[in-house]
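Below, each chain spelled out in residue letters.
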Amino acid sequence: MNPVTRRSTLLGLTSLITLGRASLAVASAPTERRFVVIILRGALDGMAAVVPYGDPGLAALRPELIPPQPGQDNGLLDLGGKFGLHPALARSHALYQANELLIVHAVAGNYRVRSHFEAQDFLESGADHRMTSGWLNRAVAAMPAASLNHTDASSCAIAIGASVPLLLRGRQAVANWAPHGFAEPQQSLYQAILNLNESDPVTGPAIMAGLRDRGFGDQALAGTQMAGSEMADPQTDNDKNPRQPGGRFAFPALASAAGTLLKAADGPRIAAMELGGWDTHTGQNSRLVQPLMQLDAGIDALRTSLGEAWSQTVVMVMTEFGRTARMNGTNGTDHGTGTVSFVAGGAVSGGKVVANWPGVGPGQLFEDRDLAPTTDLRSVAAGILTVHLELPPAAITTVFPGGEPVQPMRGLIRTA
């Protein structure tokens, strides 16, 4: 894992995004409280991550997708007799036992669509209609200490990754950090482009010259003419799979870097991250283990990196929608509605599952296929924003515009 140095931090922060007339000036942070939002792209099966094993209707819906009972080998990690964490979430279970993890079940956004792209737009904009700004950006702008002068704004928010998600786009200036080489194309893409343009008298030589300038040798370039050959990318030669578990681009490494940035005295206080791999239409049991382990290790890496600042941190994990209650014919699940949200951190009043549980028996599913949502995901975010970041209640209508006013969920944050 590559350490985040002051030099790399400053270099990364120069890769900022300016939206509208906003510009970035990194200055003293307006608060000591930290807030991190993690987007799980692809739709997490909430009933696989947090299994309602005490519901008598569950076994008939997904008999092949339920881990062994708590106490058995590779069994569920018990959460009090009705719910159990997936065994891949062992570190998160430790946080739960330390009262630093709270789980909100049967939760969904205020939309009812099953398209990833539409749902992610609504999830990140926080509205009941399409917007070009995200609710977290509007929340930063509404923070009591945030500058109202968007021409000379102090940035206290950062996106960790190759780009800024819609969640953090808007009038308030934000920063963007990723490790060097994070957005570099994979070797196979270089190879495919060269193969496609090999016979073109104009683009072929130009592309080859450009790759030579980047450090590719003649032997590697000649290898593109052989089917299935591999190119040796000089930037990844010593790090063959940097995005694989344990790699320097894997989620836990990025989370660790985020913690280093957030704990700095003059660093950002708000961060957005994302993790993919949740669209488990087939073979869900095997496919879900790795992303769950990455999420689990990432939250733990963030906690470790933050050090003492963890006590003033809240992490919210959210996904665009849940998955069908019934398993499909390929031992997977399809796009659904109700799911789960995790709220972790030293500032969290954890050690509990918050759920107005609708049940999954006959007649209890939403549209006879999905876990019925009973909690608005926006109320979870609003509960964090009003108590942890001290947003005025009136600001919530700006953060989450349209429709009925969002009521902040109570009891999420520890109070003195």
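Quick notes on the rules
- Residues numbered from 1 in each chain as written.
- Predicted model: local features only at pLDDT ≥ 70, side-chain atom pairs only at ≥ 80, totals over all residues.
- Heavy atoms only, no water.
- Phe/Tyr/Trp six-rings, centres within 6.5 Å; stacked < 30°, edge-to-face > 60°.
- Helix = DSSP H or I, 4+ residues; strand = E, 2+ residues; numbered from the N terminus.
- Buried < 20%, exposed > 50% of the residue type's maximum accessible area, 1.4 Å probe, protein only.
- Lys NZ or Arg CZ within 6 Å of the ring centre and 35° of its normal.
- Pairing = 2+ DSSP bridges.
- Core = buried A, V, L, I, M, F, W, Y, C linked by side-chain atoms within 4.5 Å.
- Salt bridge = Lys/Arg side-chain N within 4 Å of Asp/Glu carboxyl O.
- Polar contact = N/O pair within 3.5 Å; in protein donor to acceptor, adjacent residues only side chain to side chain.
- Axes fitted to C-alpha atoms, helices over the stretch in contact; angles between N-to-C directions.
- Parallel < 35°, antiparallel > 145°, perpendicular 65-115°, else oblique.
- Contact = heavy atoms within 4.5 Å.
- Nonpolar A, V, L, I, M, F, W, Y, C, P; charged D, E, K, R; others polar.

Description of the packing of aromatic side chains
Then, number 1: Within this structure, the stated rule accounts for three aromatic pairs.
Then, number 2: Centroid distance Phe-83 to Trp-357: 5.3 Å. Interplanar angle 85°. Geometry classified as edge-to-face. Of the two residues, Phe-83 is situated in the loop between strand S4 (77-78) and strand S5 (84-85) and Trp-357 in the loop between strand S13 (352-354) and strand S14 (375-376); the sequence distance between them amounts to 274 residues.
Then, number 3: Overall, Trp-357 belongs to the buried group, its relative accessible area being 15%.
Then, number 4: The lysine or arginine in question, Arg-112, covers the ring of Phe-366, its NZ or CZ lying 6.0 Å from the ring centre.
Then, number 5: Here the basic side chain of Arg-130 rests over the ring of Phe-122, its NZ or CZ set 5.9 Å away from the ring centre.

Remarks on the sheet that holds S5
Then, number 1: With antiparallel pairing, the three strands of this open sheet are ordered in space as S3-S5-S4. The open sheet has two free edges, formed respectively by strand S3 (50-51) and S4, since each of these has just one partner strand.

A word on unusual backbone geometry
With the exception of glycine, the majority of residues adopt a negative phi angle, and the majority of peptide bonds are in the trans configuration.
Then, number 1: Backbone geometry places Asn-74, a non-glycine residue, at a positive phi of 55°.
Then, number 2: Tracing the sequence through the fold places Asn-74 in the loop between helix H3 (58-61) and S4.
Then, number 3: Notably, Glu-367 is not glycine yet its phi reads approximately 55°, a positive angle.

Overview of the nonpolar core
Then, number 1: Core analysis: the largest hydrophobic core is formed by 57 residues, its most contacted members being Ile-38, Leu-44, Val-50, Ile-103, Leu-295 and Phe-342.
Then, number 2: Broken down by element, the residue count for this core peaks at seven residues, all from helix H10 (residues 251-263).
Then, number 3: Core analysis: the next-biggest nonpolar cluster, separate from the first, contains 48 residues, Val-37, Leu-123, Ala-157 and Leu-168 among them.

Here we look at the pattern of salt bridges
Then, number 1: Per the counting criterion, the structure on display carries 17 salt bridges.
Then, number 2: A salt bridge links Asp-45 to Arg-62, with the shortest nitrogen-to-oxygen separation between them at 2.9 Å. Residue Asp-45 is located in the loop between strand S2 (34-40) and helix H2 (46-49), and its partner Arg-62 is located in the loop between H3 and S4; the two are separated by 17 residues in the primary sequence. For the residue pair Asp-45 and Arg-62, the accessibility class agrees, reading buried in each case.
Then, number 3: Notably, a salt bridge pairs Arg-130 with Glu-118, separated by 3.9 Å at the nearest N-O pair.

Comments concerning the side chain of Arg-323
Then, number 1: Tracing the chain through its elements places Arg-323 in the loop between strand S11 (313-319) and strand S12 (339-344).
Then, number 2: For Arg-323, the side chain forms a polar contact with the side chain of Asp-279, separated by 3.0 Å.
Then, number 3: Here Thr-333 takes part through its backbone oxygen, which lies 2.8 Å from a polar atom of the side chain of Arg-323.

Focus on the packing of helix H4 (residues 90-97) against helix H11 (residues 284-306)
Then, number 1: Direction vectors running N to C along H4 and H11 enclose 55°, while the axes themselves pass 7 Å from each other. Here H4 is positioned oblique relative to H11, judged by the angle of their axes. On H11, the residues that touch Ala-90, Arg-91, Ser-92 and Leu-95 of H4 are Asp-296, Ala-297, Ile-299, Asp-300 and Arg-303.
Then, number 2: Tallied by class, the residues present in the contact of H4 with H11 amount to four nonpolar, one polar and four charged.

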